[in-house]
Amino acid sequence: MSERAQVTSIESLESFRASLIVFMNKARPALEEVHEEILRTRQWLDHEQRGHWEREVRRRSRLLEQARLELFTARLSQLHTESSAQQMTFRRAKLAFEEAEEKLARVRKWSRELENRTALLLREINQAHTFVTSDLTQAVAHLSRVLQTLEAYSKSGAPMSPAGPQVPAASPDAAEIREDAPATTVHSEARTRDRETGEGDSR
């Protein structure tokens, strides 16, 4: 059984279409911005921060080895009595190296955490973006076609009402018959009218 839509206001349909376009124009860049921000954060952690602290670990490791060598040399040259400056340099180099290792470990940890936490979010963002750019675009196009059809229908002069197009009565007799009258009542009224017409003709 075919379904029939009852449209009472073309203006309301056009207003809904316009609101849908406004929503699309706002939702699409917002979704893209969130997507890009997540990717930028991943890039910052995986490459910039990790690369930075990996280089710092190597650099501070060399400084620590250098300070260790200088301290060892001072002990040998001064009969196992190193200077306080060399001891302080070694301790600072050791603390700096340990800090770099700790920072690198944190960056690696948060890189894994961010990927795990944002994987589902990225999938949902991609699905929402596809819905906005594809499904809603098709919906707007469909509404445009519907509006064109309705405008053409309204220009044809056919009345529009909640009950659908009105069909004029074929004859005065047909107009007297109620739409909700049973079929038996309609036939009975028709036979009675025929008999009365016949009797009048005979007289």
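Residues numbered from 1 in each chain as written. Predicted model: local features only at pLDDT ≥ 70, side-chain atom pairs only at ≥ 80, totals over all residues. Heavy atoms only, no water.

Caption draft 1: How the structure looks around the overall build of the protein. Across its full length, the protein holds 4 helices and 0 strands. Overall, the protein shows an N-to-C arrangement of helices and strands of α-α-α-α. Relative to its 203 residues, the protein shows a buried fraction of 20%. Considering only intrachain contacts with a sequence separation of at least 6, the fraction spanning at least 24 residues in the protein is 77%. As presented, the protein carries roughly 15500 Å² of accessible surface, and 54% of it is formed by carbon and sulfur atoms. (Helix = DSSP H or I, 4+ residues; strand = E, 2+ residues; numbered from the N terminus. Buried < 20%, exposed > 50% of the residue type's maximum accessible area, 1.4 Å probe, protein only. Contact = heavy atoms within 4.5 Å. Areas by Shrake-Rupley, 256 points an atom, 1.4 Å probe, with all protein chains shown as cover.)

Caption draft 2: How the structure looks around the environment of F16. In this fold, F16 is placed in helix α1 (residues 10–77). For F16, a relative accessible area of 46% corresponds to the partly exposed category. It is 9.6 Å that separates the C-alpha atoms of F16 and V140, two residues lying 124 residues apart in sequence.

Caption draft 3: Focus on the nonpolar core. In this structure, W53, V57, L64 and F90 are the most contacted members of the largest nonpolar core, which totals 13 residues. Those elements that place two or more of their residues in this core are α1 and α2 (84–155). In terms of residues, this core owes the most to one element, α2, which gives 7 residues. What W53 contacts, discounting residues up to four positions off in sequence, is R60, A100, K103, L104 and V107. By size, the runner-up hydrophobic cluster in this structure holds 11 residues, among which are A27, I38, I125 and L143. (Core = buried A, V, L, I, M, F, W, Y, C linked by side-chain atoms within 4.5 Å.)

Caption draft 4: Broad picture of α2. Between its first and last C-alpha atoms α2 spans 99 Å; for 72 residues at 1.5 Å apiece the expected length is 106 Å, and the two agree. At T118, α2 shows its strongest bend, of approximately 40°. (Expected span 1.5 Å × (residues − 1). Bend = angle between axes of the 7 residues up to and from the residue.)

Caption draft 5: Fine view of a nonpolar patch on the surface. A grouping of L69, F72 and L76 is seen on the molecular surface, where their side chains present a nonpolar patch of about 330 Å² in accessible area. Note on placement: L76 falls in helix α1. (Patch = residues over 30% accessible without salt bridge, like charges linked within 9 Å, V, L, I, M, F, W, Y side chains within 5 Å. Salt bridge = Lys/Arg side-chain N within 4 Å of Asp/Glu carboxyl O.)

Caption draft 6: Representation of α1 in the model. For α1, spanning 68 residues, the distance from its first C-alpha to its last is 98 Å, which sits close to the expected 100 Å at 1.5 Å a residue. The largest bend along α1 measures about 35° and falls at W44.

Caption draft 7: Quick peek at the pattern of salt bridges. As enumerated under the stated definition, the model contains 10 salt bridges in all. Here R59 and E56 are joined by a salt bridge, their closest N and O atoms 2.9 Å apart. One end of the pair, R59, and the other, E56, are both in helix α1, 3 residues apart, so they sit about a helical turn from each other. Taking relative accessible area as the criterion, R59 reaches 35% and is therefore assigned partly exposed. Note on E56: relative accessible area 13%, which makes it buried. Here E98 and K94 are joined by a salt bridge, their closest N and O atoms 2.6 Å apart.

Caption draft 8: Highlighting the packing of α1 against α2. At their nearest, the axes of α1 and α2 sit 6 Å apart, and the two run at 165° to each other. Considering the angle they form, α1 stands roughly antiparallel to α2. The hand of the α1/α2 crossing is left-handed. Split into classes, the residues belonging to the contact of α1 with α2 amount to 42 nonpolar, 15 polar and 19 charged. (Axes fitted to C-alpha atoms, helices over the stretch in contact; angles between N-to-C directions. Parallel < 35°, antiparallel > 145°, perpendicular 65-115°, else oblique. Left-handed = near helix turned anticlockwise from the far one by under 90°. Nonpolar A, V, L, I, M, F, W, Y, C, P; charged D, E, K, R; others polar.)

Caption draft 9: Structural view of the environment of L64. Within the secondary structure layout, L64 lies in helix α1. It is 8.5 Å that separates the C-alpha atoms of L64 and A96, two residues lying 32 residues apart in sequence.

Caption draft 10: Spatial organisation of the confidence of the model for the protein. With 70% of its residues at a pLDDT of 70 or more, the protein has an overall mean of 77. Note on residues 161–190: pLDDT is under 50 here. Beyond four places in sequence and across chains, it has 12 contacts. Low pLDDT, under 50, characterises residues 199–203; the predicted model gives this stretch 0 contacts beyond four residues in sequence or across chains. (pLDDT = per-residue confidence, 0-100.)

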